[in-house]
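# Survey of secondary and tertiary structure
Here are the chains, one letter per residue:
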Amino acid sequence: MSSTLDTVSNIIAETCDIPRETITPESHAIDDLGIDSLDFLDIAFAIDKAFGIKLPLEQWTQEVNDGKATTEQYFILSNLSARIDELVAAKKA
Amino acid sequence: MHLEYFQLIDRIAEIDFAERVIRVEATVPVTSTIFEGHFPGHPLMPGVLLIEAMAQTSGWLIIGLLGFQRMPFLAGVKEAKLRQFVTPGTPLSLEAAIEHDGSGYTITRAKIKSEGKSVCDATLTFRVVPFPTADFRAQMVETAKRLKYPAEIPANG
């Protein structure tokens, strides 16, 4: 079974036509991979479907805008994968 | 329909909030300045306007499900198929269903039929945000009334 990080990386590679080998756990989806907000909707949809969750994009955006969080917390892929794992665990709980 | 004003649906026939499905009716006008160019002597309803009609149909479903609290803006069109020519005077039945309700975005599957035959279909993505202004919401409420929105419209935005 592939890891959350692998699944997310594959989704990004496929959705945004980014070479899979350029995507690393340290990649920042926006700053490093250049994913724009529209492409991120497609990624969010694929992640929501793959993991049976609802990525709280609006909440995250609000937290970043309010200075309560940084984009790195949510958009560096290792961190994004950890957030997904938390959401999956919360759903099962 | 009033193509020049982007009024691409005539009546909201039904919204099923439980099934998250909407049915809408529209008739392509017999005359429109758009047909003077598309195409001279061979008037056809432009495919992009059929897609817009599916977007408007989906949009009313999303607005209804969110109690007129938020506004969907078209952000993506996928798998759009235009299956047959649509000529002036053609009656259309439009349907849309929610495929996915995300955080700040919604994906619908929409289709148009005419007299039982498939005309077109597409998967549409919308950004869903608070109404930009109170006037914008008021305008949408007025439009909903014109379209005979078949459910109660919440009073406050």
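Preceding this section is the structure that the text describes.
Residues numbered from 1 in each chain as written. Chains lettered and ligands numbered in written order. Predicted model: local features only at pLDDT ≥ 70, side-chain atom pairs only at ≥ 80, totals over all residues. Heavy atoms only, no water.

### Thoughts on the overall build of chain B
For the record, the criterion: Put simply, DSSP H or I for four residues or longer makes a helix, DSSP E for two residues or longer makes a strand, and each gets a number counted from the N terminus. All accessible areas in this document rest on Shrake-Rupley with a 1.4 Å probe, and a residue is counted as covered only by the protein chains that are shown. Asp and Glu count as negative and Lys and Arg as positive, but His and the ends of the chain are not part of the count. Charged groups are reduced to one reference atom each: NZ for lysine, CZ for arginine, CG for aspartic acid, CD for glutamic acid.
The helix and strand inventory of chain B stands at three helices and six strands. Each helix and strand of chain B, ordered N terminal to C terminal, gives the series β-β-α-α-β-β-β-β-α. By principal-axis analysis of the C-alpha atoms, chain B measures approximately 50 × 30 × 25 Å. Approximately 7800 Å² of chain B is accessible, and the part contributed by carbon and sulfur atoms is 53%. The centroid of the 16 positive side-chain charges in chain B is displaced by 4 Å from the centroid of its 17 negative side-chain charges.

### Quick notes on the interface of chain B and chain A
Basically, it comes down to this: When checking whether two residues touch, look at their non-hydrogen atoms; a contact exists if any pair is within 4.5 Å. Put simply, buried area is how much 1.4 Å-probe accessible surface two parts lose in total, over both of them, once they are put together. The salt bridge criterion pairs a side-chain nitrogen of Lys or Arg with a carboxyl oxygen of Asp or Glu, the two atoms within 4 Å. Identification of polar contacts relies on pairs of N or O atoms within 3.5 Å, with a donor-acceptor requirement for protein atoms, meaning one able to donate a hydrogen and the other able to accept it, and with residues adjacent in sequence counted only if both atoms are side-chain atoms. Each residue receives one of three labels: charged for Asp, Glu, Lys and Arg, nonpolar for Ala, Val, Leu, Ile, Met, Phe, Trp, Tyr, Cys and Pro, and polar for the others, Gly being one of them.
Chain B puts 14 residues into the contact, and the matching count from chain A is twelve residues. A combined buried area of about 1100 Å² lies between chain B and chain A, and 52% of that area is made up of carbon and sulfur atoms. It is S103(B), Y105(B) and R127(B) that lose the most area in chain B upon contact with chain A, and together they represent 46% of the buried surface on that side. Here chain B and chain A share three salt bridges between them. Across the pair E58(A) and R70(B) runs a salt bridge, and its minimum N-O distance is 2.7 Å. Our enumeration of links across chain B and chain A arrives at ten residue pairs in polar contact (both at pLDDT 80 or more). Elements represented by at least two residues in the side of chain B that touches chain A include exactly β3 (70–82), β4 (91–101), β5 (105–114) and β6 (117–130) of chain B. By residue class, the composition of the side of chain B that touches chain A is four nonpolar, five polar and five charged.

### As for the pattern of salt bridges
Residues and elements named next belong to chain B. The full count for this structure, using the stated rule, is eleven salt bridges over all chains. R11 serves as the salt-bridge partner of E25, at 3.1 Å between the closest nitrogen and oxygen. Here E25 is found in strand β2 (residues 21–27), whereas its partner R11 is found in strand β1 (residues 11–16), with 14 residues between them in sequence. For E142, the salt bridge is made with K145, and the minimal N-O distance between the two is 3.5 Å. Taken together, the positions of E142 and K145, both in helix α3 (residues 134–146) and three residues apart, correspond to about one turn of that helix. By sharing partners, the salt bridges in this structure join R83, R109 and D121 into a single network.

### As for the pairing of β6(B)
A regular strand carries its side chains on alternate faces of the sheet. Residues and elements named next belong to chain B. Basically, it comes down to this: Here, strands pair whenever DSSP counts at least two bridges between them.
Examined bridge by bridge, β3 and β6 share ten bridges and lie antiparallel to one another. Residue pairing across strands places L74 opposite F126, the latter belonging to β6. Alignment of β5 against β6, held across ten bridges, turns out to be antiparallel. Paired with S114 across the two strands is K117, which belongs to β6.

### So, the nonpolar core
As a reminder, the rule being used: Working definition of a nonpolar core: buried Ala, Val, Leu, Ile, Met, Phe, Trp, Tyr and Cys residues. They are joined through side-chain atoms within 4.5 Å. For every residue, the accessible area obtained with a 1.4 Å probe (protein chains only) is divided by the maximum for its type, and the residue is called buried under 20%, exposed over 50%, and partly exposed between those limits.
If you look at the biggest cluster of nonpolar residues, it comprises 44 residues, and the most contacted ones within it are M45(B), W60(B), L92(B) and I112(B). Only β1, β2, α2 (47–65), β4, β5, β6 and α3 of chain B provide two or more residues apiece to this core. Among the elements that make up this core, the one with the highest residue count is α2(B) (ten residues). Grouped together as the second largest cluster of nonpolar side chains are 31 residues, I12(A), C16(A), I47(A) and I84(A) included.

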